[in-house]
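Tertiary structure, described
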Amino acid sequence: MLNIALCCSAAMSTSLLVNKMIDEANKQGIQIHIWAKGVNEIEAETKDVVESIFYAPAEGEVKPISESSDQTFSKKILGDGVVVFPENGFVMSPCNAKVKLVYPTGHAVGLETEDGTVILIHCGIDTVNMKGEGFEVFVKEGQQVAAGDMLVKFDKELVESKGYSSEILVVFTEVPTGNVLKINEQIPADRVIAEIEK
């Protein structure tokens, strides 16, 4: 005899529908075992589902965006996120996404995930004034990228020698309605900086 385990709520386990399923199954030589759970248990298992994971885009110290040296970012005017004080100028995609915008000066890239989350990767403070000097872009608008793909490489020493901060900002400028952005205050070993939950 074939055995099947059926998990449902405690209320549903006594419903006419479930009883009918059991009767039909028994006629066909199938034995169904009911595993009843309370409604609260089922709700606890289904909420806070992680939709997207975002990784640090560069090697270096990761801090809350409030520690950025630029008030536009530190006051979260554009959105919440993190700031990375990089060890070098290699900037990778923090997630799987589509490239929505590449600034002509190469200092910033906009990404959009499949669920509609929009992320701005901004390399340096006021580096737009460098007019592309020291910046090399590896992607173009409309391109699909995976987490870890190279977006931009910039000359960290050159940026700093010209008096600009080389900090890298990851700003979540748009989060779809119904989704919740959670920024990690302590960055784990896998360098996950944030998650989107639904």
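Higher on the page you've got the structure.
Attention here is on the structure that accompanies the text. Here the structure is a predicted model, which is why all the values come from computation and not from measurement. (Residues numbered from 1 in each chain as written. Predicted model: local features only at pLDDT ≥ 70, side-chain atom pairs only at ≥ 80, totals over all residues. Heavy atoms only, no water.)

**Considerations on the sheet that holds strand β12 (residues 150-154)**
Short version of the rule: Pairing between strands is defined by DSSP: at least two bridges between the two strands are required. Think of it this way: any DSSP run of H or I at least four residues long counts as a helix, any run of E at least two long counts as a strand, and we number them from the N terminus. In this analysis, axes come from line fits to C-alpha atoms, helices being fitted only over the stretch in contact, and the angle between any two N-to-C directions falls in the range 0 to 180 degrees.
Taken together, the three strands give an open sheet; going across it, the order is β6-β12-β10, and neighbouring strands pair in antiparallel fashion. Two strands in the sheet have a free side with no partner beyond their single neighbour: β6 (90-92) and β10 (135-137). Each strand axis lies, on average, 15° off the axis of its neighbour in the sheet, ignoring direction. Of the strand pairs in this sheet, β10 and β12 are connected by three bridges, and their pairing is antiparallel. Each bridged residue has a counterpart across the sheet, and for Phe135 the counterpart in β12 is Phe154.

**Here's the deal with the pairing of strand β5 (residues 80-86)**
We count it as follows: Note on classification: 1.4 Å probe, protein chains only; a residue is buried when its accessible area is under 20% of the maximum for its type, exposed when over 50%, partly exposed between these limits.
β5 sits mainly inside the fold: five of its seven residues count as buried. The pairing of strand β4 (residues 60-64) with β5 spans five bridges and is classified as antiparallel. Within β5, the position partnered with Pro64 by the bridge is Val82. Bridge analysis of β5 against strand β13 (residues 168-174) gives five bridges, and the strand direction is antiparallel. Its bridge partner being in β13, Asp80 is matched across the sheet by Phe172.

**Here's the deal with the environment of Lys98**
Put simply, the rule is: Whether two residues are in contact is decided by their heavy atoms, any of which lying within 4.5 Å being enough.
Summarising the element assignment, Lys98 is placed in strand β7 (residues 97-102). Classification of Lys98 by relative accessible area gives partly exposed; the value is 36%. Expressed as a C-alpha distance, the spacing of Lys98 and Gly142, which sit 44 residues apart in the sequence, is 6.1 Å. Excluding its chain neighbours within four sequence positions, the residues that come into contact with Lys98 are Gly110, Leu111, Glu112, Gly142, Gln143 and Gln144.

**So, the side chain of Asn179**
Convention followed: Side-chain atoms alone can form a polar contact between residues adjacent in sequence; in general such a contact is a pair of N or O atoms within 3.5 Å, and within protein one must be able to donate a hydrogen while the other accepts it.
Here Asn179 is to be found in the loop between β13 and β14 (180-183). Only 3.4 Å separates the side chain of Asn179 from the side chain of Asp115, close enough to count as a polar contact. Each residue touching Asn179, except ones within four places of it in the same chain, is listed here: Asp115, Ile196, Glu197 and Lys198.

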